[in-house]
Amino acid sequence: MKSSDDNQNDNNDVDLEWEEWKPTEISFRRHMFAGSIAGLAEHITMFPIDTIKTHLQCQRCGSSSPMQTWNCASRIVGSNGIFSLWRGVSAMFAGCIPAHAAYFGIFEMSKRYLEIDRDREHHPIKAAVCGAVAAVAHDVIMTPFDTIKQRMQLGQFRSIPHCAA
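Residues numbered from 1 in each chain as written. Predicted model: local features only at pLDDT ≥ 70, side-chain atom pairs only at ≥ 80, totals over all residues. Heavy atoms only, no water.

Colleague: Just checking my understanding: could you explain the overall build of the protein chain for this structure?
Modeller: Broken down by element type, the protein chain carries six helices and zero strands. Counted from the first residue to the last, the protein chain has its helices and strands arranged as α-α-α-α-α-α. Residue pairs at least 24 apart in sequence account for 65% of intrachain contacts in the protein chain once pairs closer than 6 positions are excluded. Surface exposure of the protein chain reaches about 11100 Å², of which carbon and sulfur atoms provide 60%. (Helix = DSSP H or I, 4+ residues; strand = E, 2+ residues; numbered from the N terminus. Contact = heavy atoms within 4.5 Å. Areas by Shrake-Rupley, 256 points an atom, 1.4 Å probe, with all protein chains shown as cover.)

Quick look at the structure:
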């Protein structure tokens, strides 16, 4: 029979860092791939809301009030159909996959370089530096694609090459 001390030790061994990359359990490539898929799933899910936001920011729906979001969505769908909420998603796909792979990859490499995982201590400054470096790499890749995506959402262009030219 386990004592209360044994149960307490078992609870201390629980891995609360489940989202952390563990080189002994998964390869670096798979970790980057998983990060890309996670980012892709997030972007696909939120894309219609992003399209409505883009139209509201440009006042393409004739309103500037956040309370008019439903009216804006109705006008977009009414004018161009439900799939118009996903106009520009191809640009997001093109940028999201390499951007999220870079984010996860650079975040893990910088953690290793700064020796964050060397001990079980918390290193908030080093973690912030890792996150900042990874975010810059992500944004350098994603920002041009985001610009193309927004122009396609507004109906200014029909494809990535048409917009990028």
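Colleague: Help me out: how do you make sense of a nonpolar patch on the surface in this one?
Modeller: Together, Ile44, Ile82, Phe83, Trp86 and Phe93 make up a nonpolar patch on the protein surface, roughly 490 Å² of accessible area in all. With respect to the secondary-structure elements, Ile82 resides in the loop between α3 (69-80) and α4 (89-113). Look at Ile82 and you get partly exposed, because its relative accessible area is 44%. (Patch = residues over 30% accessible without salt bridge, like charges linked within 9 Å, V, L, I, M, F, W, Y side chains within 5 Å. Salt bridge = Lys/Arg side-chain N within 4 Å of Asp/Glu carboxyl O. Buried < 20%, exposed > 50% of the residue type's maximum accessible area, 1.4 Å probe, protein only.)

Colleague: Just checking my understanding: could you explain the nonpolar core for this structure?
Modeller: In terms of nonpolar packing, the biggest core is built from seven residues, these being Leu40, Phe47, Val89, Met92, Cys96, Ala99 and Met142. Setting aside chain neighbours within four positions, we find Cys96 in contact with Gly39, Leu40, His43 and Met142. Ranked by size, the runner-up nonpolar core spans six residues in total, among them Ile52, Leu56, Ala73 and Ile76. (Core = buried A, V, L, I, M, F, W, Y, C linked by side-chain atoms within 4.5 Å.)

Interpretation in functional terms is not warranted from these geometric data alone.
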